[in-house]
Amino acid sequence: ARMEATQALSVQAKLADRHSLAEADLIFRHDEELKEVERRHKDALRKQEDEFAEQLVWQMTELNDKVQELSASLKAESDAYLAAKKMSVALEKELKAQKEKNAAKKQQDVKKLQEDHQAELKALVE
């Protein structure tokens, strides 16, 4: 009976060892599956980050092109405004000079007319 009890204990020990090995194998496989899921998740996140970065670079390039286009347009408008302003100043100077010239001519004409009138009066008086 003692032998049978020893054998039964030995069988129980072997079964317990097998059960422990099965549990350890199950835990190992579960850990490996978790690692694989984490790896796939990290790969998917990395891919999303790369796509986002690529899209961001594309958008920034597009925005930079628009900024340069607007800057060139603004510079052209600014240059045109400055040219128009210079022309306006030149025209104002020319107009002022013409007015002064006309005023001087008018004054000269009035003086000549007065002199002619004086000469006529003098001729009439004599």
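Look above for the structure.
What comes next concerns the included structure. (Residues numbered from 1 in each chain as written. Predicted model: local features only at pLDDT ≥ 70, side-chain atom pairs only at ≥ 80, totals over all residues. Heavy atoms only, no water.)

## Re the overall build of the protein
Point 1. Scanning the protein from terminus to terminus reveals 1 helix and 0 strands.
Point 2. Here the protein has a C-alpha radius of gyration of 53 Å; the compact-globule value for 126 residues is 14 Å, and the former is much larger.
Point 3. On the principal axes, the C-alpha backbone points of the protein span a range of 180 × 20 × 10 Å.
Point 4. In the protein, buried positions account for 0% of the 126 residues.
Point 5. By element, 60% of the accessible surface of the protein is carried by carbon and sulfur atoms, the whole surface being about 12,400 Å².
Point 6. Distance from the positive charge centre (23 side chains) to the negative charge centre (27 side chains) of the protein: 7 Å. (Helix = DSSP H or I, 4+ residues; strand = E, 2+ residues; numbered from the N terminus. Rg over C-alpha atoms; globule rule 2.2 N^0.38 Å. Buried < 20%, exposed > 50% of the residue type's maximum accessible area, 1.4 Å probe, protein only. Areas by Shrake-Rupley, 256 points an atom, 1.4 Å probe, with all protein chains shown as cover. Lys, Arg positive; Asp, Glu negative; His and termini not counted. Charge placed at Lys NZ, Arg CZ, Asp CG, Glu CD.)

## Focus: a nonpolar patch on the surface
Point 1. Together, F52, L56, M60 and L63 line one region of the surface with nonpolar side chains, adding up to about 420 Å² of accessible area.
Point 2. Locating L63 in the fold gives a position in helix α1 (residues 2-125). (Patch = residues over 30% accessible without salt bridge, like charges linked within 9 Å, V, L, I, M, F, W, Y side chains within 5 Å. Salt bridge = Lys/Arg side-chain N within 4 Å of Asp/Glu carboxyl O.)

## Side note on the environment of E49
Point 1. Tracing the chain through its elements places E49 in helix α1.
Point 2. Look at E49 and you get exposed, because its relative accessible area is 52%.

## As for the pattern of salt bridges
Two side chains bearing opposite charge may form a pair once their charged atoms approach each other closely.
Point 1. Tallied over the entire structure, the rule returns 9 salt bridges.
Point 2. The salt bridge involving E36 is made with R39; its shortest N-O contact spans 2.5 Å. Taken together, the residues span about one helical turn, with E36 and R39 both in helix α1 at a distance of 3 residues.
Point 3. By relative accessible area, which is 40% here, R39 ends up partly exposed.
Point 4. Between R39 and D43 there is a salt bridge, with the nearest N and O atoms lying 2.7 Å from each other. One end of the pair is R39 and the other is D43, both in helix α1 and 4 residues apart, which spans about a single turn.
Point 5. Judged by its relative accessible area of 31%, D43 falls in the partly exposed class.

## A short note on a negative patch on the surface
Point 1. Taken together, E49, D50, E51 and E54 make up a surface patch of like negative charges.
Point 2. Secondary-structure assignment places E54 in helix α1.

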